[in-house]
Amino acid sequence: MVAFSPIEFYNILHDIAQSMPFVTVEGRDVTSRRLNTFAATKNLLEIISSNSLGKDSRYIGKRLFYSTKWSGQDSDIKYEYPALFAGPSNERYEVKGDYYYVDYTLVFGDKFEPKMAQTQNQDIDASRTFEEVQQTLRDLWGVVFVTLKSYVYANLFLGSTQVAAGWFSLGYLQALKTTGSISRWAVTDHFSTLISDVEATEEVDGNASKIATHIVSLRIKHSSCQAYQALPTPSPFTPAIVIDADAQILFNAVEAAGGTVSIDKRISVSTVFTRMKAEGIYDDFYAFYLPMGGLAATNKFNAKNPIDSDAAFRLLFVGGFTHTENAIVPNGVNTYANTYFTPSVHGLATDTAISYYSLTESTGTYIEMGVSGIGGASGVGQYNIAPNVSGTSFRTVNSTGNTSGAGVAGTAGLFTAARTDALTMQLYKNATLVFNDGSLPITVSDKPMYMCGRNVNNASFTPTNRACAFGAIWRNATSSNVAILNGIITDYLTEIGAI
Amino acid sequence: MAGTTTTTVRKITKLGAEALKGEFFTEGNMFNPMLDGNGTWIVSNKEAILSEGTPFEWLYTADEIPFVAPSFNMDL
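Note that the coordinates shown come from a computational prediction; the quantities given were computed from them, not determined experimentally. (Residues numbered from 1 in each chain as written. Chains lettered and ligands numbered in written order. Predicted model: local features only at pLDDT ≥ 70, side-chain atom pairs only at ≥ 80, totals over all residues. Heavy atoms only, no water.)

Chemist: Explain the overall build of chain A to me, please; I cannot follow it from the model alone.
Modeler: The helix and strand tally for chain A stands at 10 helices and 28 strands. Within chain A, the fraction of its 499 residues that count as buried is 51%. Intrachain contacts of chain A at a sequence separation of at least 6 include 64% that bridge at least 24 residues. Summed over its atoms, the accessible surface of chain A is roughly 21,800 Å², and 52% of this surface lies on carbon and sulfur atoms. (Helix = DSSP H or I, 4+ residues; strand = E, 2+ residues; numbered from the N terminus. Buried < 20%, exposed > 50% of the residue type's maximum accessible area, 1.4 Å probe, protein only. Contact = heavy atoms within 4.5 Å. Areas by Shrake-Rupley, 256 points an atom, 1.4 Å probe, with all protein chains shown as cover.)

This is the structure in structure tokens:
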């Protein structure tokens, strides 16, 4: 289907009106036998009652208005009946395809005097009855309709040279060929395929308005023919993005270390900060780790305080890690990350927690986070996340020894080992409390906490092979705060496509 | 055995392990030579691969052996 706009439809109606021959009977013009005015209109009822038909000098030279009485040379619009007014009513767009339908109303109008003028030499037009005026208008529509259906979209040729293309009536094409202006034409579309739902909807009583009308509604199928192009993405109207100030400090550190962070990830990370702050848990964190940048040099930062120092709890990676955009991946052989967070120095004995989001389901002798006891003494002041060590869970938070039992089913998820008092210690998986153990004697380790493994007396370690997408050392880990953290981190990891 | 995979590591000497201690193979990530369950000094394949182009490139061609985990004792 070739491109066809409403303006082109008006142009065709204009040309049809303009091409109607003048009719004379006995040497006198019979103006009712042709359309003397055509106007594309905005509001049909308003136009009919307007003296200027809503037209001004802007319409000069455009095939949207035609009047036998106005050549466009003066400023006063002049027109006479019969007239054809055409305007759109409804438009309907197809989601599939590049075409749309416009319903038009065509008003054929002519003057009708309610009372016979008492003058001599009445002309043919003025002597018509109302019914005769109506029939005249109906006849004019008939001529327009037949002519419309004869329109084709054609490429015009003179010899082998294409000289024009567009919508033409077959009569006009034949005339061009007869005069030798063209030698042939090739039709690519027929107007008759574009027109539908034609009906006369209303006939206005001319006695009321002194204007007799014949009103026709019809539907035309238009095509933009791919004239419109989708806007590029992202849109130039992308709303401003507000990045949390502390998140921005982290991004600056990551970039300074050679990493890059996509705008989507920045937004997601920033949301972690803003939600932590909004929920009132941000200040409870000593450190939290959100891998980004895909390098050891970028995944090492404590997001809460992204300074490259042991005192800021920046991670030191030891062993054959793999670093990705969204995770720190230990190998389960010789990897651990030193947090430099020593519970006896930096933490509180009865209000403390560690969290580790594991992306990996695995079995084996693996511990995700932890540290052994004081001064190298066996089992004293242990602290760990060890939900499933070859089928056994070991639970201890700042306590002498540990409690063991069945391993937690499923090793992927957010694990939090916590205590908020001197009596009990908890192990959560996601937001669910899976163990709530009675207190063992409280002590706190004097060695640094390892992540992606457990520090064993600073002499060895127990590693894990479970990829870390989030790690944290914090306090005030009540069940509600654990649930809040789980919600924030789960949403974040979902957003970045890590889970 | 079909359906199972064996983790492999690179065998190094005690002298080599001492040379690697405290050294970084990439910014922010240190070597970690360790004794396996057989008392053999090893590093991971990852460290060996990433040693290429570093002063420790000799790791790249170190023998690949099955990993034997050290004994585990939670009371330590």
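Chemist: Hey, could you run me through the overall build of chain B in this one?
Modeler: Of the regular secondary structure elements, chain B holds 2 helices and 6 strands. Counting helices and strands in the order they occur from the N terminus, chain B gives β-α-β-β-β-β-α-β. Buried positions account for 39% of the 76 residues belonging to chain B. If you take every contact in chain B between residues at least 6 apart in sequence, the share linking residues at least 24 apart comes to 63%. Approximately 4,500 Å² of chain B is accessible, and the part contributed by carbon and sulfur atoms is 53%.

Chemist: How should I be thinking about the pairing of strand β21 (residues 403-406) of chain A in this particular structure?
Modeler: Where a strand is regular, its side chains alternate between the two sheet faces. All names here are of chain A. Inspection of the sheet shows strand β20 (residues 392-399) paired to β21 by 4 bridges, in the antiparallel sense. When the bridges of β21 are listed, Ser393 appears paired with Gly405. Between β20 and β21, which follow one another and run antiparallel, lie 3 residues, and Gly401 among them has a positive phi close to 75 degrees. (Pairing = 2+ DSSP bridges.)

Chemist: Can you help me understand the pattern of salt bridges in this one?
Modeler: Two side chains carrying opposite charge are able to pair once their charged atoms lie near each other. All names here are of chain A. What the rule picks out here adds up to 13 salt bridges over all chains. Notably, a salt bridge pairs Asp308 with Arg314, separated by 2.7 Å at the nearest N-O pair. Look at Asp308 and you get partly exposed, because its relative accessible area is 46%. For Arg314, a relative accessible area of 11% corresponds to the buried category. Salt bridges linked by common partners bring Lys300, Asp308, Asp310 and Arg314 together as one network. (Salt bridge = Lys/Arg side-chain N within 4 Å of Asp/Glu carboxyl O.)

Chemist: How do you make sense of the interface of chain B and chain A when you look at a structure like this?
Modeler: Size of an interface: often given as the accessible area lost when the parts come together. Listed by partner, the interface residues are 23 residues for chain B and 31 residues for chain A. Approximately 1,900 Å² of surface area, both sides summed, lies buried where chain B meets chain A, with 60% of it carried by carbon and sulfur atoms. If you look at where chain B meets chain A, you find 0 salt bridges. Along the contact surface separating chain B from chain A lie 11 residue pairs in polar contact (both at pLDDT 80 or more). Where the side of chain B that touches chain A is concerned, the elements lending two or more residues are β2 (24-26), β3 (29-30), β5 (41-44) and α2 (45-50) of chain B. Looking at the side of chain B that touches chain A residue by residue, the classes come out as 12 nonpolar, 7 polar and 4 charged. Across 2 bridges, the pairing between strand β13 (residues 316-318) of chain A and β3 of chain B is parallel. The partner of Val318 of chain A across the bridge, within β3 of chain B, is Met30 of chain B. (Buried area = accessible area lost by both parts, 1.4 Å probe. Polar contact = N/O pair within 3.5 Å; in protein donor to acceptor, adjacent residues only side chain to side chain. Nonpolar A, V, L, I, M, F, W, Y, C, P; charged D, E, K, R; others polar.)

Chemist: I'm lost on the sheet that holds strand β1 (residues 8-11) of chain B in this one. Help?
Modeler: Residues and elements named next belong to chain B. The 4 strands lie next to each other as β4-β5-β1-β6, forming an open sheet whose pairing is antiparallel. Taken across any chain shown, the strands that pair with only one partner, and hence form the sheet edges, are β4 (34-35) and β6 (64-66). Where β4 and β5 come together, 2 bridges link them in antiparallel fashion. Across the sheet, residue Met34 finds its bridge partner in β5, namely Ile42.

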